[in-house]
Amino acid sequence: MLKYWLDVSEKIQHERFLARIKDPSKRWKLSPMDLESHRRWYDYSRARDAMLAATDTPFAPWYIVPSDDKKRARLNCIAHILSSIPYEEIPYDPPKLPSRQKSKGYVEPKLKHQVVPQRW
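Conventions adopted
- Residues numbered from 1 in each chain as written.
- Predicted model: local features only at pLDDT ≥ 70, side-chain atom pairs only at ≥ 80, totals over all residues.
- Heavy atoms only, no water.
- Phe/Tyr/Trp six-rings, centres within 6.5 Å; stacked < 30°, edge-to-face > 60°.
- Helix = DSSP H or I, 4+ residues; strand = E, 2+ residues; numbered from the N terminus.
- Buried < 20%, exposed > 50% of the residue type's maximum accessible area, 1.4 Å probe, protein only.
- 1 Å grid on protein atoms, 1.4 Å probe; cavity = no way out; pocket = protein on both sides within 12 Å on 5 of 7 lines; lining within 4 Å.
- Points joined across faces, edges and corners; volume = space filled by probe spheres on them.

Undergrad: Got a sec to walk through the packing of aromatic side chains? Specific residues and values, please.
TA: Using the criterion set out here, one finds two aromatic pairs in the structure. For the ring pair Y4 and Y63, a centre distance of 5.7 Å and an interplane angle of 35 degrees mean the geometry is tilted. One end of the pair, Y4, is in strand β1 (residues 3-7); the other, Y63, is in strand β2 (residues 62-66), with 59 residues separating them in the sequence. Y4 sits in the buried class, given a relative accessible area of 18%.

Undergrad: Please give an account of unusual backbone geometry that cites residues and values.
TA: The phi torsion of most residues other than glycine is negative, and most of the peptide bonds are trans. Although it is not a glycine, K104 sits at a positive phi angle of roughly 50 degrees. Assignment of secondary structure puts K104 in the segment after α4 (70-84).

Undergrad: Give me the layout of surface pockets: which residues, what numbers.
TA: Considered as a void within the structure, the largest pocket measures approximately 370 Å³ in volume. Looking at the lining of the largest pocket, the elements that each hand over two or more residues are β1, α1 (10-22) and α3 (41-55). The element contributing the most residues to the lining of the largest pocket is α3, with five residues.

Written out as structure tokens, the structure is:
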């Protein structure tokens, strides 16, 4: 069993919450629970510390992932997960792509539906 705690510093959490308040595209991410967790930072920190101490075992240890930088945190976590799972390469025999059937007179019709504008 692999258990990860994504650890965000008080400063970065504060900055992320402010960004969510200011940016209309991020407002949906800020919940009443987030506001309460901001207010009760030290209560939550004490609870986290107690939970980690009570549930960290040799069979299922906690792994702390520094997460102030989200991209690095994700990459480090993925790399750790992959390095923790035994891997054995499986031989691959590529399939042969069959020939397409003949069209037998099929003609692609002009689309009568709304087509999404191609921006890129």
